[in-house]
Amino acid sequence: MDGAEDTLRRLREAFHSGRTRPAEFRAAQLRGLSRFLQDNQQLLRDALAQDLRKATQLDSAFIRQEPFGLVLIVAPWNYPLNLTLVPLVGAIAAGNCVVLKPSEISTSTEKVLAEVLPRYLDQNCFAVVLGGPEETGRLLEHRFDYIFFTGSPRVGKIVMAAAAKHLTPVTLELGGKNPCYVDDNCDPQTVANRVTWFRYFNAGQTCVAPDYVLCSPEMQERLLPALQSAITRFYGDDPKSSPSFGRIINEKHFKRLQGLLQCGRVAIGGQSDEDDRYIAPTVLVDVQETEPVMQEEIFGPILPLVTVRSLDEAIDFINCREKPLALYAFSNSSQVVKQVLARTSSGGFCGNDGFMHMTLASLPFGGVGASGMGRYHGKFSFDTFSHHRACLLRSPGMEKINELRYPPYSPRNLRVLLRAMEECSCRCTLL
């Protein structure tokens, strides 16, 4: 093992142990950094002088939020209107020109956006571009000032690679396998009601839906009849005839989901109708980690239950996989929910409910790691589509004071400058 690999392994182990999470640890490290600067002022000045002949500057600054310029928004098919217009609002509010690329899979919405939306916007500043993967690929060859993409991690990598050629910043709203931990200390029917609602909403075609449940074998036995009860209450004895239950977007995705029904054992549902692109609300048990249903994002009305022996095992199960877009924990014990929150990482987190966290404009929405980068919703959308420009405006007068910073530098001048900077709490700007 080379030195770099050993160092990275050591640091990752420290991070996963939770060492850096307590506020006390962070404060202690910052105090150490402050001591480093204070104890080594002369050493650092000498080093800077040898490297760069660097002297000091001090002043304050303010931030001006400005539009990036020409923005590309690539939207998905599962919420083709919401996931197109919400980022568009932020881009417009920030003052950008925008190219919208709606999904070619949701054809009806794509047609409305292309034919009707331009009538309401300045067509010199906003455009809708149509097409599939080939057309999108050609579009990405052009230079944009910002790219906002919602979709799969696989396509997200393609978008990011294309953006890198022009050093274009990106927001990637991706997905992943969102875990849902259910503690023994909770009411199974309450859990079932909430999980059923947000797993089968939009026929499971939601990026923040729970992809699997982690629970004890005992809770699984209690949860199964509760899930069946909730499904029947929400969608009736025949969910296929329920106006509240959706359909799979196209034949390709239907066949993919049909294949996932072969994993584990069907405990609830499992029926399908290819002509109607219908897959019943389904619960799987006895699922193996190596089966396809646990290897890819399901994006459909299928919910695997995976048994674990303890909270620690559930957390380990979550942490040995890619960071999800959302993570859920159900328990009557606030300590259990807080443990799951403190010992894991995800784009968003919700305790004792479904994806309600993403409905609050006061909270940012976005992923981390393989589930994406960047954030939006509410004010965060405006910030995402704005360049935060650091600015300084100074008076042309008071030159006598400024003479202290001009060479040649005397020990007295440096002492005065350092004292002034310490009083302004901006010592680090010397470096």
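The rules behind these values
Residues numbered from 1 in each chain as written. Predicted model: local features only at pLDDT ≥ 70, side-chain atom pairs only at ≥ 80, totals over all residues. Heavy atoms only, no water. Helix = DSSP H or I, 4+ residues; strand = E, 2+ residues; numbered from the N terminus. Buried < 20%, exposed > 50% of the residue type's maximum accessible area, 1.4 Å probe, protein only. Areas by Shrake-Rupley, 256 points an atom, 1.4 Å probe, with all protein chains shown as cover. Lys, Arg positive; Asp, Glu negative; His and termini not counted. Charge placed at Lys NZ, Arg CZ, Asp CG, Glu CD. Patch = residues over 30% accessible without salt bridge, like charges linked within 9 Å, V, L, I, M, F, W, Y side chains within 5 Å. Salt bridge = Lys/Arg side-chain N within 4 Å of Asp/Glu carboxyl O. Phe/Tyr/Trp six-rings, centres within 6.5 Å; stacked < 30°, edge-to-face > 60°. Contact = heavy atoms within 4.5 Å. Expected span 1.5 Å × (residues − 1). Bend = angle between axes of the 7 residues up to and from the residue. Pairing = 2+ DSSP bridges. Axes fitted to C-alpha atoms, helices over the stretch in contact; angles between N-to-C directions.

Peer 1: How would you sum up the overall build of the protein chain? Please name residues and give values.
Peer 2: The helix and strand inventory of the protein chain stands at 15 helices and 17 strands. C-alpha atoms of the protein chain, sized along the principal axes, occupy 85 × 55 × 40 Å. In the protein chain, which comprises 431 residues, the proportion classed as buried is 41%. Accessible area of the protein chain: about 23,400 Å², with a carbon and sulfur share of 54%. Once the 47 positive and 47 negative side-chain charges of the protein chain are each reduced to a mean point, those two points are 8 Å apart.

Peer 1: Requested: an account of the environment of D46, with residues and values cited.
Peer 2: Along the chain, D46 falls in helix α3 (residues 41–52). In the structure, D46 is positioned 36 residues away from R10 in sequence and 32 Å away in space, judged by C-alpha atoms.

Peer 1: Hey, could you go over a nonpolar patch on the surface for me, with residue numbers and the actual values?
Peer 2: A cluster of nonpolar residues, W197, F201 and M356, forms a patch on the protein surface that exposes about 250 Å² of accessible area. Its place among the elements puts M356 in the loop between β15 (348–351) and β16 (372–373).

Peer 1: Requested: an account of the packing of aromatic side chains, with residues and values cited.
Peer 2: For any pair of aromatic rings, the description consists of the separation of the ring centres together with the inter-plane angle of the planes. Going through the model one piece at a time under the given rule, you end up with 15 aromatic pairs. For the pair F68 and Y146, a centre-to-centre distance of 4.9 Å together with 40 degrees between the ring planes defines the contact as tilted. One end of the pair, F68, is in the loop between β1 (62–67) and β2 (70–74); the other, Y146, is in strand β5 (residues 146–150), with 78 residues separating them in the sequence. On the basis of relative accessible area, F68 is assigned to the partly exposed category, the value being 25%. An angle of 85 degrees between the planes, with centres 5.5 Å apart, marks the rings of W77 and F299 as edge-to-face. Of this pair, W77 sits in the loop between β2 and α4 (82–93) while F299 sits in the loop between β12 (282–285) and β13 (302–307), placing them 222 residues apart in sequence. The same class applies to W77 and to F299, which are both buried. Ring pairs connect the aromatic residues F68, Y146, F148, F365, Y376 and F385, which therefore count as one cluster.

Peer 1: An account of the side chain of H253 is needed here, citing residue identities and associated values.
Peer 2: Note that H253 resides in helix α10 (residues 251–260). When its relative accessible area of 16% is taken as the criterion, H253 is described as buried. Setting aside chain neighbours within four positions, we find H253 in contact with W77 and I248.

Peer 1: Describe in detail helix α9 (residues 217–235), supporting the description with residues and values.
Peer 2: The terminal C-alpha atoms of α9, which comprises 19 residues, lie 27 Å apart, in line with the 27 Å expected from a rise of 1.5 Å per residue. The largest bend along α9 measures about 30 degrees and falls at L223, with the proline P225 one to four residues further on. Along α9, the positions that sit buried rather than exposed are M219, Q220, L223, L224, A226, L227, A230, I231 and Y235. Contact partners of the buried residues in α9: β7 (179–182), α8 (188–200), β8 (212–215), β9 (265–268), β12 and β13. Within two residues after α9, G236 carries a phi angle of roughly 85 degrees, on the positive side.

Peer 1: Describe the pattern of salt bridges, naming the residues involved and giving the relevant values.
Peer 2: This model, assessed by the stated rule, comprises 16 salt bridges. The closest approach of N and O atoms between E104 and K101, which form a salt bridge, is 3.5 Å. On the accessibility criterion, E104 (29% relative accessible area) is partly exposed. By relative accessible area, which is 3% here, K101 ends up buried.

Peer 1: Explain the sheet that holds β13 to me, and be specific about the residues and the numbers.
Peer 2: Backbone hydrogen bonds are what pair the strands of a sheet, in a parallel or an antiparallel way. If you walk across this open sheet you meet the seven strands as β9-β12-β13-β8-β7-β14-β15, and the pairing is mixed. Strands with a single pairing partner mark the edges of an open sheet, and in this sheet they are β9 and β15. Neighbour-to-neighbour, the strand axes of this sheet turn through a mean angle of 25 degrees, independent of strand direction. When β7 meets strand β14 (residues 326–330), the two strands line up parallel, connected through three bridges. By the bridge assignment, Y181 is partnered in β14 with A329. Against the sheet, helix α11 (residues 311–319) contacts β7, β8, β13 and β14, and its axis sits at roughly 150 degrees relative to β8.

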